[in-house]
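Secondary and tertiary structure notes
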Amino acid sequence: MTETLSRIAREAGELFREGYHASKEIAFKGSVDLVTQYDLQVELLLKERLADAFPGYTLVGEETGGGTGTPENAIYIDPIDGTTNFVHGIPFCAISIGLFAEGRPRAAVVYLPILDELYRAEAGCGAYCNGEPIRVSHEPLLERSLMATGFPYTKIEQGDDFEWVMRTMRSLLPCTRDIRRLGSASVDLCYVARGTFEGFYEVNLKPWDVAAGWLIVEEAGGRISREDGSDYAIGDHIIVASNGRIHAPLVERIRA
Ligand code: IPD
Ligand code: CA
Ligand code: CA
């Protein structure tokens, strides 16, 4: 399965790379939420290839939707995760494809076309970057942990999500080595999986942001949960990812 997903992601990656270096038509989904013609074009290409390769799966894409509720057999597609980076020429942006079978993460690919890093995982078979096995870090101490996070587009409303971001930052920043905001949730998750970050947390991510990275973290030996440490499910409002060893203190600080 991941061979097929990887082949499709690499093909779409060519269009992605072309767009990264080209001048773009930029439109706004909200007041800060950018979208380019490449978001749509890459998604349409992915959907066409995935529909041929995986008949029977509901294809759910950020730009064109698809499916209702939470289909048991679904492929969640983010054609450009990190569009703001894509527009500003920051290479941390990715194609994210997460395949769910019978409601569980089954296969995943996150491809960073500019850096040419391809992360993949299949349930029970481990996680890989460009063919090499990857593992989460062994760091047991939150104080020595490098964290990643992201800021939701709802920040603009300065409502509950914004307050959560500020409160969590207050609580975690003094207790960790530092906090990074790379600009792509799927990349953040892959960087937890490869041991670059010890942990990652964010509010208000969507299924296509996390569907692939979730499995890649777990297959690399890490842990994914809700804010209270219980099992994460697609559509949950808050995600916490870690190397597993710091998960309990991380969840505790996030809730403090
Ligand atoms: C965004 C990125 C970002 C995260 C936002 C996401 P997009 O996805 O993953 O890191 O902080 O919440 O919406 O809009 O670039 O696909
Ligand atoms: Ca995204
Ligand atoms: Ca996107």
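Note that the coordinates shown come from a computational prediction; the quantities given were computed from them, not determined experimentally.

The rules behind the values
- Residues numbered from 1 in each chain as written.
- Chains lettered and ligands numbered in written order.
- Predicted model: local features only at pLDDT ≥ 70, side-chain atom pairs only at ≥ 80, totals over all residues.
- Heavy atoms only, no water.
- Donors = N, O, S within 2.8 Å, 3.2 Å for Na, K, Ca; no water.
- Helix = DSSP H or I, 4+ residues; strand = E, 2+ residues; numbered from the N terminus.
- Buried < 20%, exposed > 50% of the residue type's maximum accessible area, 1.4 Å probe, protein only.
- 1 Å grid on protein atoms, 1.4 Å probe; cavity = no way out; pocket = protein on both sides within 12 Å on 5 of 7 lines; lining within 4 Å.
- Points joined across faces, edges and corners; volume = space filled by probe spheres on them.
- Core = buried A, V, L, I, M, F, W, Y, C linked by side-chain atoms within 4.5 Å.
- Contact = heavy atoms within 4.5 Å.
- Phe/Tyr/Trp six-rings, centres within 6.5 Å; stacked < 30°, edge-to-face > 60°.
- Near = heavy atom within 4 Å.
- Polar contact = N/O pair within 3.5 Å; in protein donor to acceptor, adjacent residues only side chain to side chain.
- Areas by Shrake-Rupley, 256 points an atom, 1.4 Å probe, with all protein chains shown as cover.
- Sits in = over half its atoms within 2 Å of the grid points.
- Nonpolar A, V, L, I, M, F, W, Y, C, P; charged D, E, K, R; others polar.
- Domains from an automatic or database assignment.
- Pairing = 2+ DSSP bridges.
- Axes fitted to C-alpha atoms, helices over the stretch in contact; angles between N-to-C directions.

Brief notes about the coordination of the calcium ion (ligand 2)
Ligation of the calcium ion (ligand 2) by protein atoms is provided by Asp78 (OD), Asp81 (OD) and Asp209 (OD), these donors lying 2.1 to 2.3 Å from the ion. For the calcium ion (ligand 2), all donor residues lie on one chain, and their spacing in sequence is D-x2-D-x127-D. Metal-to-metal, the separation of the calcium ion (ligand 2) and the calcium ion (ligand 3) is 3.8 Å; Asp78 coordinates the two. Taken together, the residues span a long stretch of sequence, with Asp81 in strand E4 (residues 74–81) and Asp209 in helix H6 (residues 207–219) at a distance of 128 residues. Summarising the burial analysis for this pair, Asp81 and Asp209 share the class buried.

A few points about empty space enclosed by the protein
The tally for this structure, following the rule as stated, stands at one cavity of 30 Å³ or more. Tallying contributions element by element places helix H4 (residues 160–172) first for the lining of the largest cavity, with three residues.

Details of the coordination of the calcium ion (ligand 3)
Summarising the metal site, the calcium ion (ligand 3) is bound by the protein donors Glu62 (OE), Asp78 (OD) and Ile80 (O), whose distances to it range over 2.2 to 2.4 Å. Along the chain, the residues donating to the calcium ion (ligand 3) fall in the pattern E-x15-D-x1-I. You can call Ile80 buried: its relative accessible area is 1%.

So, the nonpolar core
Of all hydrophobic cores here, the largest spans 41 residues; its most connected members are Tyr76, Val110, Tyr119, Tyr191, Phe200, Ile216 and Ile224. Of all the elements, H6 adds the most residues to this core, at eight residues. The residues contacting Phe200, other than those within four sequence positions of it, are Met147, Ala148, Thr149, Gly150, Ala185, Asp188, Leu189, Val192, Leu205, Ile239, Val240 and Ala241. Ala9, Leu45, Ile80 and Tyr111 belong to the second largest nonpolar core, which has 26 residues in total.

What to know about the packing of aromatic side chains
Enumeration over the complete set of coordinates arrives at eleven aromatic pairs. Considering the side-chain rings of Tyr191 and Phe197, the 6.2 Å spacing of their centres and the 45° angle between planes classify their relative orientation as tilted. The exposure class of Tyr191 is buried, given its relative accessible area of 4%. Here the aromatic rings of Trp214 and Tyr232 are separated by 5.1 Å at their centres, their planes lie at 85°, and the arrangement is edge-to-face. Residue Trp214 is found in helix H6, and its partner Tyr232 is found in the loop between strand E13 (223–225) and strand E14 (238–242); the two are separated by 18 residues along the sequence. Using a relative accessible area of 6% as the deciding quantity, one classes Tyr232 as buried. Members of the aromatic cluster, each reached through a chain of ring pairs, are Phe16, Tyr20, Tyr38 and Phe86.

As for the site of ligand 1
Taken together, the neighbourhood of ligand 1 is formed by 16 residues, with Asp81, Gly82, Thr83, Tyr153 and Glu202 sitting nearest. Glu202 has a polar side-chain atom sitting 2.6 Å from an oxygen atom of ligand 1. Taking 380 Å² as the accessible area of ligand 1 by itself, protein coverage stands at 95%. One can see that ligand 1 is located within the largest pocket. Looking at the shell around ligand 1, the element that brings in the most residues is E4, giving three residues.

Overview of the layout of surface pockets
The space that makes up the largest pocket amounts to roughly 640 Å³. Around the largest pocket, the lining is made up of 31 residues, and of these Asp33, Phe151, Tyr153, Arg181 and Asp209 lie nearest the centre. Taken together, the elements giving at least two residues each to the lining of the largest pocket come down to E4, helix H3 (83–88) and H6. The biggest single contributor to the lining of the largest pocket is H3, with four residues. Residues of the lining of the largest pocket, tallied by class, amount to nine nonpolar, ten polar and twelve charged. Shared between two domains, the lining of the largest pocket takes at least three residues from each, and those domains are domain 1 (2–133) and domain 2 (142–255).

Regarding the environment of Asp161
Checked against the element boundaries, Asp161 lands in helix H4. Between the alpha carbons of Asp161 and Asn73 there is a distance of 30 Å; along the sequence they are 88 residues apart. If sequence neighbours within four positions are ignored, Asp161 has contacts with Pro152, Thr154, Val203, Asn204 and His237. Of note is the side chain of Asp161, whose polar atom sits 2.8 Å from the side chain of His237.

With respect to the sheet that holds strand E6 (residues 104–112)
The seven strands are arranged E3-E4-E5-E6-E7-E8-E9 in an open sheet whose pairing can be described as mixed. The sheet is open, and its two borders are formed by strand E3 (58–61) and strand E9 (132–133), each paired with just one other strand. Across six bridges, the pairing between E4 and strand E5 (residues 94–101) is antiparallel. Each residue of the ladder has a partner; that of Asp78, found in E5, is Ser96. The sheet contacts of helix H1 (residues 2–21) involve E4, E5, E6 and strand E7 (117–122), and relative to E6 the element is tilted by about 35°. On the sheet, H6 packs against E3, E4, E5, E6, E7 and strand E8 (127–129) and is oriented at approximately 100° with respect to E6.

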